[in-house]
Amino acid sequence: MFSRTKMKVLKFGGTSVGSPQRIKSVADLIVREEGNIVVLSAMSGTTNQLLEISDYLVKYNPTGALETLARLDRKYAGVIDELFPEKSEWRDKAASVIRECMNYIADEIHNQKDLLQAEKNIVSRGEIMSTNLMLFHLNSKGIDARMLPALDFMTIDESEEPDLAAITRNLSKLLESTPKTYIYITQGFIVRNHRGEIDNLKRGGSDYTASLIGAAIGADEIQIWTDIDGMHNNDPRFVENTAPVHKLHFEEAAELAYFGAKILHPTCILPAKLANIPVRLLNTMQPEAEGTLIFNTAPDHSIKAVAAKDNITAIKIKSGRMLLAYGFLSRVFSIFERYRTSIDMIVTSEVGVSVTIDNEQNLPQILDELKKLGTITVDRDMVIICVVGDLEWSNRGFEAAVVNALKDLPVRMISYGGSNYNISLLVRKSDKIKALNLLSDYLFNN
Ligand code: ADP
Ligand code: ASP
Ligand code: MG
């Protein structure tokens, strides 16, 4: 295994590397922090533009795809000019990688073969471009940095889950065969699937790459550098006067990430938690800010933060006849399992059970089968509001405070006691912003 006295994984998101100026500031941070492995996202806007190109392909409009590519090409020409104003070996190397990426995308547009695979191939170039720009910029400043290509070691298995054992093996081999250096740079987000094709960890997946690498090398710390000073106690996109939470338990952070705190990819805490590696959330624009440290904190009996998860559908199955009879719930769950649809919330009563899902892909088939078990009601356009903290049940008053804060809003479901860390409430999408603000006023701003 790769070993140095101090091993850290540093991940910088899209905004953090979103302009030549930002790339230069991040380079300074990388050197200052002595990050051994640096994971980068694509420059902000690039992933969206690459997806737009694929979308034109799906719509059989190669002209639209080529025009979008030309815009992207002009943008990166400008980035090269600003990052490497003088003629140099490093400018030539960077320009040549960008040219290869543009040609690769143009080939995908002309080929028009497997469009689903083309999208994955095209979108992978975003991270390949940003990491090469950073690598050659660091090299041009005389800093010893090398590339660890993510497509040489990041893998997902047949069920599209990261294969941590394989990643650990591949990365260890790759590090052994790569000359020792001060800094290694790699791409977030992109992976190979079990067939060896290019794939990815879904939007926001660079965080997940960082925690998987952290777990694979047994890092001391995983740092997620972004555009805000840590995990705030509510969603700053919808609530004013939010404040950073300086310490979070792994479980609290995992709940917040899963239930909509966009600062973290939904599943990125798990590998760090299993390997017991602290995760620190830091702000590239304000590097001295304390940020958030996520680790095995001691219980502190407080509510920490609120998040919201969109696009939720609630399904109620009413069956006077057999609900709560032995085996009924298992029949309900097996239908969701068969259609690979995970359930987020569940509440039961004597005559009915309600569950929520966030993926409607197989809803018609699921409903057809559920109708054999009872009478079905579906509520669409719902939102899960998730309140997170050290909510162990012998602590008093938390659930009362949460319900009280929302007393003037219609609440479709409430779930509490599933873990020590979360109370979830299902409300209408149209009530989401109001619910987040009421909770902020009631829980944090008194
Ligand atoms: P990056 O591009 O670095 O991965 P993201 O845009 O994915 O950054 O995540 C950072 C953004 O997450 C912030 O700018 C903020 O708007 C949003 N966000 C949502 N909920 C929270 C929260 N609870 N705390 C902090 N940021 C949040
Ligand atoms: N570039 C990818 C995205 O925009 C992955 C990431 O930034 O984490 O979703
Ligand atoms: Mg992100």
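For the structure itself, consult the block above.
Computed from a predicted model, the values in this text were never measured in an experiment.

Draft legend 1. Representation of the nonpolar core in the model. Judged by nonpolar contacts, the single largest core of 106 residues is most densely connected at Phe12, Leu133, Met134 and Leu264. Of the residues forming this core, the biggest block, ten residues, is contributed by helix α5 (residues 115–140). Leave out the neighbours within four places in its chain, and Leu133 touches Ile23, Met43, Tyr76, Val79, Ile80, Leu83, Phe84, Ala94 and Ile98. Residues Ile303, Val306, Ala308 and Leu409 belong to the second largest nonpolar core, which totals 19 residues.

Draft legend 2. Region of interest: the site of ligand 2. In the vicinity of ligand 2, the contacting residues are Ser41, Ala42, Thr47, Glu127, Phe189, Arg203, Gly204, Gly205 and Ser206. Within the side chain of Ser41, an N or O atom sits 3.0 Å from an oxygen atom of ligand 2. Interatomic distance of 2.7 Å between a side-chain N/O atom of Arg203 and an oxygen atom of ligand 2. A total of 270 Å² of accessible area belongs to ligand 2 in isolation, and the protein chains cover 86% of it. Its residues placed into classes, the shell around ligand 2 shows two nonpolar, five polar and two charged.

Draft legend 3. Expanded view of the sheet that holds strand β1 (residues 8–12). In spatial order, the strands read β3-β4-β2-β1-β7-β9-β10-β8; together these eight strands make up an open sheet with mixed pairing. In the strand order of this sheet, the two ends are held by β3 (145–147) and β8 (247–249), each with one partner. Pairwise comparison of adjacent strand axes, ignoring direction, gives a mean angle of 20° for this sheet. Contacting β1, β2 (37–40), β4 (183–187) and β7 (221–226), helix α1 (residues 20–33) runs over the sheet at an angle of about 170° to β1.

Draft legend 4. Helix α6 (residues 164–177), seen in detail. For α6, which comprises 14 residues, the first-to-last C-alpha distance of 20 Å matches the rise-based estimate of 20 Å (1.5 Å per residue) to within 8%. Buried within α6 are the following residues: Ala166, Ile167, Leu171, Leu174 and Leu175. An end-on view of α6 places all buried positions within 155° of arc, on one side of the element. Facing away from the buried side of α6 by over 90 degrees, the exposed positions are Arg169, Lys173, Glu176 and Ser177. For α6, the elements touching its buried residues are β4 and α7 (206–217).

Draft legend 5. Quick peek at the state of the cysteines. What the rule picks out here adds up to zero disulfides. Left without a disulfide partner, Cys268 is nearest to the cysteine sulfur of Cys386, which lies 15 Å away.

Draft legend 6. Structural view of the packing of α1 against α5. One way to put it is that α1 packs onto α5 with a least axis distance of 10 Å and a crossing angle of 65°. Regarding the angle of α1 to α5, the classification is roughly perpendicular. Pair α1 / α5 crosses with right-handed handedness. Here Ile23, Lys24, Val26, Ala27, Ile30 and Val31 of α1 come into contact with α5, specifically with Leu133, Met134, His137 and Leu138. A class-by-class count of the residues in the contact of α1 with α5 yields eight nonpolar, one polar and one charged.

Draft legend 7. Local environment of the side chain of Gln117. Within the element layout of this structure, Gln117 appears in helix α5. Each residue touching Gln117, except ones within four places of it in the same chain, is listed here: Glu197 and Ile198.

Draft legend 8. Region of the structure containing the pattern of salt bridges. Counted according to the given criterion, the structure contains 23 salt bridges. In this structure, Lys309 and Asp344 form a salt bridge, with 3.1 Å as the shortest nitrogen-oxygen distance. Here the residue Lys309 occupies a position in strand β11 (residues 303–318), and Asp344 occupies one in strand β12 (residues 343–348), the gap between them amounting to 35 residues. Taking the relative accessible area as the measure of exposure, Lys309 reaches 9% and is therefore buried. Judged by relative accessible area, which is 16%, Asp344 ranks as buried.

Draft legend 9. Structural view of a nonpolar patch on the surface. A cluster of nonpolar side chains, namely Val403, Val411 and Ile414, defines an oily patch on the protein surface of about 210 Å² accessible area. When you line up the elements, Ile414 lands in strand β15 (residues 413–416).

Draft legend 10. Representation of the site of ligand 1 in the model. Around ligand 1 sit 16 residues in total, of which Lys11, Thr226, Asp227, His232 and Lys262 are the nearest. Measuring from an oxygen atom of ligand 1, one finds a side-chain N or O atom of Lys262 at 2.7 Å. Within the backbone of Ile263, one N or O atom sits 3.4 Å away from an oxygen atom of ligand 1. When the free accessible area of ligand 1 is taken as 570 Å², the share hidden by the protein chains comes to 87%. Along the lines of polarity and charge, the residues of the shell around ligand 1 split into five nonpolar, six polar and five charged.

Draft legend 11. Quick peek at helix α12 (residues 398–405). Inspection of α12 places Phe398, Val402 and Ala405 among the buried residues, and these make up the whole buried set. Along the long axis of α12, the arc covered by the buried residues comes to 65°, so they all point the same way.

Draft legend 12. How the structure looks around the packing of helix α2 (residues 46–58) against helix α4 (residues 89–111). Interaxial distance between α2 and α4 falls to 10 Å at its minimum, and their mutual angle equals 20°. As judged from the angle between their axes, α2 and α4 are roughly parallel. The element α2 and its partner α4 pack so that their crossing is right-handed. Packed against α2, whose contacting residues are Leu50, Ile53 and Leu57, the element α4 presents Ile105, Glu108 and Ile109 at the interface. In terms of residue class, the contact of α2 with α4 is built from five nonpolar, no polar and one charged.

Cut-offs used in this document
- Throughout this description, residue numbers start from 1 for each chain and increase along the sequence as written.
- Lettering for chains starts from A, numbering for ligands starts from 1, and both go in the order in which the items are written.
- Local features in a predicted model are, by the rule used here, given only for residues with pLDDT of at least 70; side-chain atom pairs are given and counted only at 80 or more, and totals for whole chains, interfaces and linings are based on all residues.
- No hydrogens and no water enter the side-chain calculation; it runs on all heavy atoms of the structure.
- Here, nonpolar core means buried Ala, Val, Leu, Ile, Met, Phe, Trp, Tyr and Cys residues that are tied together by side-chain atoms lying within 4.5 Å of each other.
- For the exposure calls, accessible area comes from a 1.4 Å probe over protein chains only, and a residue counts as buried if that area is under 20% of its type's maximum, exposed if over 50%, partly exposed in between.
- Secondary structure elements are taken from DSSP: a helix is a run of H or I of four residues or more, a strand is a run of E of two residues or more, and numbering for both begins at the N terminus.
- Should any heavy atoms of two residues lie within 4.5 Å, those residues are considered in contact.
- Nearness here has a simple test: a residue counts as near a molecule or strand if at least one of its heavy atoms is within 4 Å of that partner.
- We define a polar contact as two N or O atoms separated by no more than 3.5 Å, with the added condition that, inside protein, one atom must be a possible hydrogen donor and the other a possible acceptor, whereas residues neighbouring each other in sequence contribute only through side-chain atom pairs.
- We get accessible surface area from the Shrake-Rupley algorithm with a probe of 1.4 Å; when it comes to residues, only the shown protein chains can shield them.
- When residues are grouped by polarity, Ala, Val, Leu, Ile, Met, Phe, Trp, Tyr, Cys and Pro land in nonpolar, Asp, Glu, Lys and Arg in charged, and all others, Gly among them, in polar.
- Any two strands are treated as partners once DSSP identifies two or more bridges connecting them.
- Only the contacting stretch of a helix is used when fitting its axis, a line to C-alpha atoms as for every element, and angles between N-to-C directions run 0 to 180 degrees.
- In a helix, the anticipated span is given by 1.5 Å times the number of residues less one.
- Relevant arc is that of directions from the helix axis to the C-beta atoms, nothing else.
- A pair of sulfur atoms, both from cysteines and within 2.5 Å, is called a disulfide here.
- By definition in this entry, angles of less than 35 degrees are roughly parallel, angles greater than 145 are roughly antiparallel, angles of 65 to 115 are roughly perpendicular, and the rest are oblique.
- Working rule for handedness: look at the near helix, and if it is turned counterclockwise from the far one by less than a right angle, call the crossing left-handed; if clockwise, right-handed.
- Salt-bridge detection follows one rule: a side-chain nitrogen of Lys or Arg within 4 Å of a carboxyl oxygen of Asp or Glu.
- Patch building starts from residues that exceed 30% relative accessible area and form no salt bridge, then joins like charges within 9 Å and nonpolar side chains (Val, Leu, Ile, Met, Phe, Trp, Tyr) within 5 Å.

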